[in-house]
Amino acid sequence: MRNFKLTLCYDGGRYDGWQRQGNSDNTIQGKLETLLSRLLEQSVEVAGSGRTDAGVHALGQVCSFRADTEESCESLLRKIRTYLPEDIGVISLEEAEPRFHARLSCREKTYVYRIWNSEEPNVFERRWMLSHPETLDLEAMREAAHALIGEHDFSTFCANRHMKKTAVRTLKSAQIAARDGEIRISLTADGFLYHMVRIIVGTLIEVGEGKRASTEMRAALAACDRMEAGPTAPAKGLTLWQVRY
C-alpha cells in the first residue's frame, strides 16, 4: 500500500464544498474519490488539508490517499488530469512518506480574500471576488486585523455554535494590500474554524466602512460571542492559497 500526496486547485463556484456529503455527489472530495476509485479499481478515500465551504476556491489545496498500485505517479497524474472536470486541476502528484496525512501533518494555511473595490466593472474576475465599490479605510482595517494576531480563542469568529473542540487558534499573519482596484486580505494560521476567515473579513469590512471602530476588535475577540462580530462575507471571494508542512 502506497501513500500519495496530491496538490490541486479548483474553482469552487459550482460545488457544494470540499467534503463528501451523503445528500450530494457534487463535492471536490467526492469527485476525486469517484475518479481515483475507478482508475485504480479499488475503493479510495481522500483526506484534504481542510474543508473549504461551498463556493470557496483553492489555489493550493493538498490531499492524501492510499492505494495498492504499481502505477507510476506520472502515469496516474496524466489520467487524473484527463478525466477531471476543467474547473478542478491537479498541480502535482507524488509518493509521500507512509505517515504523511494531508490534514494531520499540516502546520499552517494561508487564505486570501479578494475584494474588487472600484466602481468600474471587473467582468473577467467577478466570480472570484466580492464587489464592494464603496471606499474602505484600509489603515483602520489593518489596525483591526493586527489585534487578532497571536494565540486566541476565536469563538467570536466561528459560525459553529455547538463546536465541542477548542476554538483556540494562532493567527500568525494578517495582511491587507491594495493594488489596481483590488484589495487582498491574507490570513495565515495554524488552523481555521468554520467560516472564521469570512467572518473576520465581514467584520473588517464594517471597520473599513466606518460602522465600527478598529479599537473594538480586541473587545469583540475577547467576548467569545459570534454576535459581537460582523456578517459572514460571501464565499466567492475566498481562496485557500497555500498549505505548509
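Given the structure is predicted, the values throughout are model-derived calculations rather than measurements.

Draft legend 1. Fine view of the side chain of His 195. Structurally, His 195 is set in the loop between strand E9 (182-189) and helix H4 (196-209). Residues in contact with His 195, not counting those within four places in the same chain, are Asp 53, Phe 157, Ala 159 and Thr 232.

Draft legend 2. Expanded view of the side chain of Ser 64. Tracing the backbone through its elements, the reader meets Ser 64 in strand E3 (residues 57-67). Only 3.0 Å separates the side chain of Ser 64 from the backbone nitrogen of Ala 102, close enough to count as a polar contact.

Draft legend 3. Fine view of the packing of aromatic side chains. Following the criterion strictly, the structure yields four aromatic pairs and no others. Taken together, a centroid distance of 5.1 Å and an interplanar angle of 85° make the contact between Tyr 111 and Phe 192 edge-to-face. Of this pair, Tyr 111 sits in strand E5 (residues 108-116) while Phe 192 sits in the loop between E9 and H4, and the two are 81 residues apart along the sequence. Each member of the pair Tyr 111 and Phe 192 is classed as buried. Positioned above the aromatic ring of Tyr 83 is the side chain of Arg 38, whose terminal nitrogen or guanidinium carbon lies 5.2 Å from the ring centre.

Draft legend 4. Highlighting the nonpolar core. In terms of nonpolar packing, the biggest core is built from 73 residues, with Phe 65, Ile 80, Leu 93, Phe 157, Ile 185 and Leu 204 touching the most fellow members. Looking at this core, the element that brings in the most residues is H4, giving eight residues. In this view, Ile 185 contacts Tyr 111, Val 112, Tyr 113, Ile 115, Met 141, Gln 175, Ile 176, Val 201 and Leu 204; residues no more than four positions away in its chain are not counted.

Draft legend 5. Highlighting the pattern of salt bridges. Applying the stated criterion to the full structure yields 15 salt bridges. Between Arg 14 and Asp 87 there is a salt bridge, and its shortest N-O distance comes to 2.5 Å. Linking Arg 14 in the loop between strand E1 (2-10) and helix H1 (28-40) with Asp 87 in the loop between helix H2 (73-83) and strand E4 (88-95), this pair joins segments that are 73 residues apart in sequence. Overall, the relative accessible area of 48% leaves Arg 14 in the partly exposed class. One salt bridge in this structure joins Arg 179 and Asp 180, with 3.7 Å as the shortest N-O distance. Side by side, Arg 179 and Asp 180 carry an identical accessibility label, which is exposed.

Draft legend 6. Looking closely at the packing of helix H3 (residues 138-146) against H4. Where H3 meets H4, the axes come as close as 8 Å, and the angle between the chain directions of the two elements is 140°. Of the possible angle classes, the one that applies to H3 and H4 is oblique. Once H3 is placed against H4, the crossing between them reads as right-handed. Contacts between H3 and H4 involve Ala 140, Met 141, Ala 144 and Ala 145 on the former and, on the latter, Leu 204, Ile 205, Val 207 and Gly 208. Its residues assigned to classes, the contact of H3 with H4 comprises seven nonpolar, one polar and no charged.

Draft legend 7. Seen up close, H3. Residues Leu 138, Ala 140, Met 141, Ala 144 and Ala 145 constitute the buried set of H3. Projected onto a plane normal to the axis of H3, the buried residues spread over an arc of 160° and lie on a single side. Residues of H3 that are exposed and point over 90 degrees away from its buried face: Glu 139 and His 146. In the core, the buried residues of H3 are packed alongside strand E8 (168-179), E9, H4 and helix H5 (217-223).

Draft legend 8. Representation of the pairing of E8 in the model. Sheet topology note: the strand E7 (residues 150-153)/E8 ladder contains four bridges and is antiparallel. In the strand pairing of E8, Gly 150 is matched with Leu 171. Here E8 runs beside E9; their pairing, made up of eight bridges, is antiparallel. Looking at the pairing, Leu 171 lines up with Ala 189 of E9.

Draft legend 9. How the structure looks around H1. An ideal rise of 1.5 Å per residue puts 18 Å on 13 residues; H1 measures up with 18 Å between its terminal C-alpha atoms. Turning to H1, its buried residues number three or more, namely Ile 28, Gln 29, Gly 30, Leu 32, Glu 33, Leu 35, Leu 36, Leu 39 and Leu 40. Buried residues along H1 sit against E1, strand E2 (46-48), E3, H2 and E4. Capping of H1 at its N-terminal end is provided by Thr 27; its side-chain oxygen lies 3.0 Å from the backbone amide nitrogen of Gly 30. Positive phi shows up at Glu 41, right after H1, with a value of about 55°.

Scoring rules and cut-offs
- Residues take numbers from 1 onward in each chain, read along the sequence in its written order.
- Local features in this predicted model are restricted to residues of pLDDT 70 or higher, and side-chain atom pairs are both shown and tallied only at a pLDDT of 80 or more, whereas totals for entire chains, interfaces and linings draw on every residue.
- Derived side-chain values reflect all non-hydrogen atoms in the structure, with water molecules and hydrogen atoms excluded from consideration.
- Helical segments are the DSSP runs of H or I of at least four residues, strand segments are the runs of E of at least two, and each set is numbered from the N terminus.
- In this description, contact between two residues means that some pair of their heavy atoms is separated by no more than 4.5 Å.
- Here a polar contact is taken to be a pair of N or O atoms separated by no more than 3.5 Å, where protein atoms must pair a possible hydrogen donor with a possible acceptor and residues adjacent in sequence count only if both atoms sit in side chains.
- Pairing of aromatic rings covers Phe, Tyr and Trp, the last through its six-membered ring, and needs centres within 6.5 Å; plane angles under 30 degrees mean stacked, over 60 mean edge-to-face, and all others mean tilted.
- For the exposure calls, accessible area comes from a 1.4 Å probe over protein chains only, and a residue counts as buried if that area is under 20% of its type's maximum, exposed if over 50%, partly exposed in between.
- We count a charge as sitting over a ring when the NZ of a lysine or the CZ of an arginine lies within 6 Å of the ring centre and within 35 degrees of the ring normal.
- Put simply, a nonpolar core is a bunch of buried Ala, Val, Leu, Ile, Met, Phe, Trp, Tyr and Cys residues held in one set by side-chain atoms that sit within 4.5 Å of each other.
- Salt bridges are identified by distance alone: a Lys or Arg side-chain nitrogen within 4 Å of an Asp or Glu carboxyl oxygen.
- Angular values range over 0 to 180 degrees, each being the angle between N-to-C directions of two axes fitted as lines to C-alpha atoms, with helices fitted over their stretch in contact.
- Angle categories: roughly parallel below 35 degrees, roughly antiparallel above 145, roughly perpendicular from 65 to 115, and oblique for all the rest.
- Definitions for this section: a left-handed crossing has its near helix turned counterclockwise from the far helix by less than a right angle. A right-handed crossing has that turn clockwise.
- In this count, Pro and Cys sit with the nonpolar residues alongside Ala, Val, Leu, Ile, Met, Phe, Trp and Tyr, while Asp, Glu, Lys and Arg are called charged and the others, Gly among them, polar.
- As used here, the arc is the angular range of directions from the helix axis to the C-beta atoms.
- At least two bridges found by DSSP between two strands is the condition for calling them paired.
- Helix span is expected to be 1.5 Å times the residue number reduced by one.

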